[in-house]
Amino acid sequence: MNVDQSGSGEQQSPNHRRRPRYSGTHPKNYRQKYKEHNIAAHPDLKAHLRAKGKTPAGSHIPVLIEEVLGCLKPKPGQVVVDCTVGYGGHSLGFIKQIGPTGRLIAFDVDSTELERTRKRLGKEKTPISFYHSNFAGIANVLNKEKLDGYDIIFADLGVSSMQIDNPERGISYKNEGPLDMRMDDRLKRTGADLLNSLSEEELGRAFWELSDEPDYQEIARTIVAQRGVQPITTVSQLVRLVFAVKGLTINSWKKKQRNSKFGSLHPAARTFQALRILVNDELGSLKELLRLAPYCLRPGGRIGIISFHSGEDRLVKQSFRDGVQTGIYQSASQNAIVPRIKEIMSNPRCASAKFRWATKREVKM
Ligand SMILES: C[S@@+](CC[C@H](N)C(=O)[O-])C[C@H]1O[C@@H](n2cnc3c(N)ncnc32)[C@H](O)[C@@H]1O
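Residues numbered from 1 in each chain as written. Predicted model: local features only at pLDDT ≥ 70, side-chain atom pairs only at ≥ 80, totals over all residues.

A.B. asks: I keep staring at the nonpolar core and nothing clicks. Help me out?
C.D. replies: When a protein is soluble and globular, its nonpolar side chains tend to lie buried together. In this structure, V80, C83, Y150, I153, F154 and L289 are the most contacted members of the largest nonpolar core, which totals 43 residues. Excluding residues that lie within four positions of it along the chain, C83 makes contacts with F107, F135, I138, I153, F154, A155 and L289. Membership of the second largest hydrophobic core comes to 28 residues, among which are M181, Y216, L238 and L275. (Core = buried A, V, L, I, M, F, W, Y, C linked by C-beta atoms within 7 Å. Buried ≥ 20, exposed ≤ 12 C-beta atoms within 10 Å, placed from the backbone. Contact = placed C-beta atoms within 7 Å.)

Written out as structure tokens, the structure is:
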């Protein structure tokens, strides 16, 4: 006999099978971490994980939040565009300061996370417009929203913790899954598609230019040789290939890790980063945002960008510097603002973050 234990009173069909629940105490697998996916209902677990410097699966900790708000200075009634709303952490910070008379325009290319965040921020009093769109569209949205400009443009580049942790996305070298890597599922080509179609030269250039991978030529050569035997479609295939190129085994790498005081970068980290940036054309979108931003800001408006690798940071720094020289921006941060040790300890994923800001001239040009 089937006994209804759901408390709903509904009779379950004889074929009904409950989602298997993890009964142990140390869930490892993404699916086993079902409590973490609904972390608001488990505050003790949240506190426990955060104290250990971990990000609960299915959530994201906003990076450099105090510094961002301190430099961009949102005020009641202002219009803010969060180009990368993600989990909504920074957006929530802006909303608290612009209040119900302000407006938030929120972009994200990830439809799944955008929907969740729409629900999460839905109870806030500030009017919010959500756009499932690349932030390269910030100028078109100004027209749609009948706005003459934004007071603040903010972007927190790259991927969210939810995207990194989800094995179905294949973004992290840590979890086995398909090499998809798309943040926007409307994109045509996945990471596997690129690995199996680009030339050796194109792959090598990407590994060098997008992540400074020292073994870029050898990795590209091995990928092209290997795909002639069997297409490379999974995370573990690519990880094994990179280990082989570097003359490492999982065990020798683990031993090296144990002997290193601060731990070292995973051997496949750069390859995965470069492939993800390529799949999502992350630098192309950033260049477009930097080109459009000065024309979309109101006089005296501010732009702030958090980047996570040198290729992005170089573009931001150069653009703000050029803007000050040409007079579009009246000032810009002298140096990149980076997380303090305390923040890195509680959220190791923020370690490579760099924040820069610029202010548009007061006088209309
Ligand atoms: C680091 S997360 C942002 C986290 C967010 N600041 C928070 O506190 O929750 C980056 C987000 O930007 C999105 N994204 C990346 N590139 C984008 C682009 N070109 N246009 C719009 N969204 C983008 C990703 O899908 C991801 O959700």
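A.B. asks: Sorry if this is basic, but what is going on with the sheet that holds strand β3 (residues 128-132) here?
C.D. replies: Strand pairing in a sheet relies on backbone hydrogen bonds, with the paired strands running either antiparallel or parallel. Reading across the sheet, the seven strands line up as β3-β2-β1-β4-β5-β7-β6 and stay open at both edges, with mixed pairing between neighbours. Since the sheet does not close on itself, it has two edges, and those belong to β3 and β6 (329-332), each with one partner. Shown here is a sheet whose adjacent strand axes are inclined to one another by a mean of 15°, direction ignored. Bridge analysis of strand β1 (residues 79-82) against strand β4 (residues 150-156) gives three bridges, and the strand direction is parallel. (Pairing = 2+ DSSP bridges. Helix = DSSP H or I, 4+ residues; strand = E, 2+ residues; numbered from the N terminus. Axes fitted to C-alpha atoms, helices over the stretch in contact; angles between N-to-C directions.)

A.B. asks: What should I look at first to understand the environment of F130 in this one?
C.D. replies: Following the sequence through the fold, F130 ends up in strand β3. Classification of F130 by C-beta neighbours within 10 Å gives partly exposed; the count is 17. It is 8.5 Å that separates the C-alpha atoms of F130 and L104, two residues lying 26 residues apart in sequence. Leaving out residues up to four positions away in the same chain, F130 has contacts with A106, L114 and R118.

A.B. asks: I'm lost on the site of the ligand in this one. Help?
C.D. replies: If you check the shell around the ligand, you find 22 residues, and the closest are P62, T84, G86, Y87 and G89. Among the secondary structure elements, those contributing two or more residues to the shell around the ligand are α3 (89-98) and β2 (103-108). For the shell around the ligand, a count of residues per class yields eight nonpolar, ten polar and four charged. (Near = placed C-beta within 6 Å. Nonpolar A, V, L, I, M, F, W, Y, C, P; charged D, E, K, R; others polar.)

A.B. asks: So what exactly am I meant to see when it comes to helix α10 (residues 235-245) here?
C.D. replies: Two residues of an α-helix separated by three or four positions point the same way, owing to the 3.6 residues in each turn. Here α10 has its buried residues at V235, L238, L241, V242 and V245. Axial view of α10: buried residues confined to an arc of 135°, hence all on one face. Structurally, α10 contributes buried residues whose contacts are with α9 (216-229) and α12 (269-279). (Arc of directions from axis to C-beta.)

A.B. asks: Explain the packing of α9 against α10 to me, please; I cannot follow it from the model alone.
C.D. replies: Axes are the key here: two packed helices are described by the angle between their axes and the distance separating the axes. Contact pair α9 / α10: the axes reach a minimum separation of 10 Å and the direction vectors enclose 125°. The pairing of α9 with α10 is recorded here as oblique in orientation. Viewed along their axes, α9 and α10 form a crossing whose handedness is right-handed. In this structure, α9 contributes E218, I219, T222, I223 and Q226 to the contact, and α10 contributes L241, V242 and V245. (Parallel < 35°, antiparallel > 145°, perpendicular 65-115°, else oblique. Left-handed = near helix turned anticlockwise from the far one by under 90°.)

A.B. asks: Would you mind showing me how to read the environment of P76 here?
C.D. replies: Within the element layout of this structure, P76 appears in the loop between α2 (65-72) and β1. Exposure remark for P76: the 10 C-beta atoms within 10 Å place this residue in the exposed category. Along the chain, P76 and P100 lie 24 residues apart, while their C-alpha atoms are 7.9 Å from each other. Setting aside chain neighbours within four positions, we find P76 in contact with I98, G99, T101 and G102.

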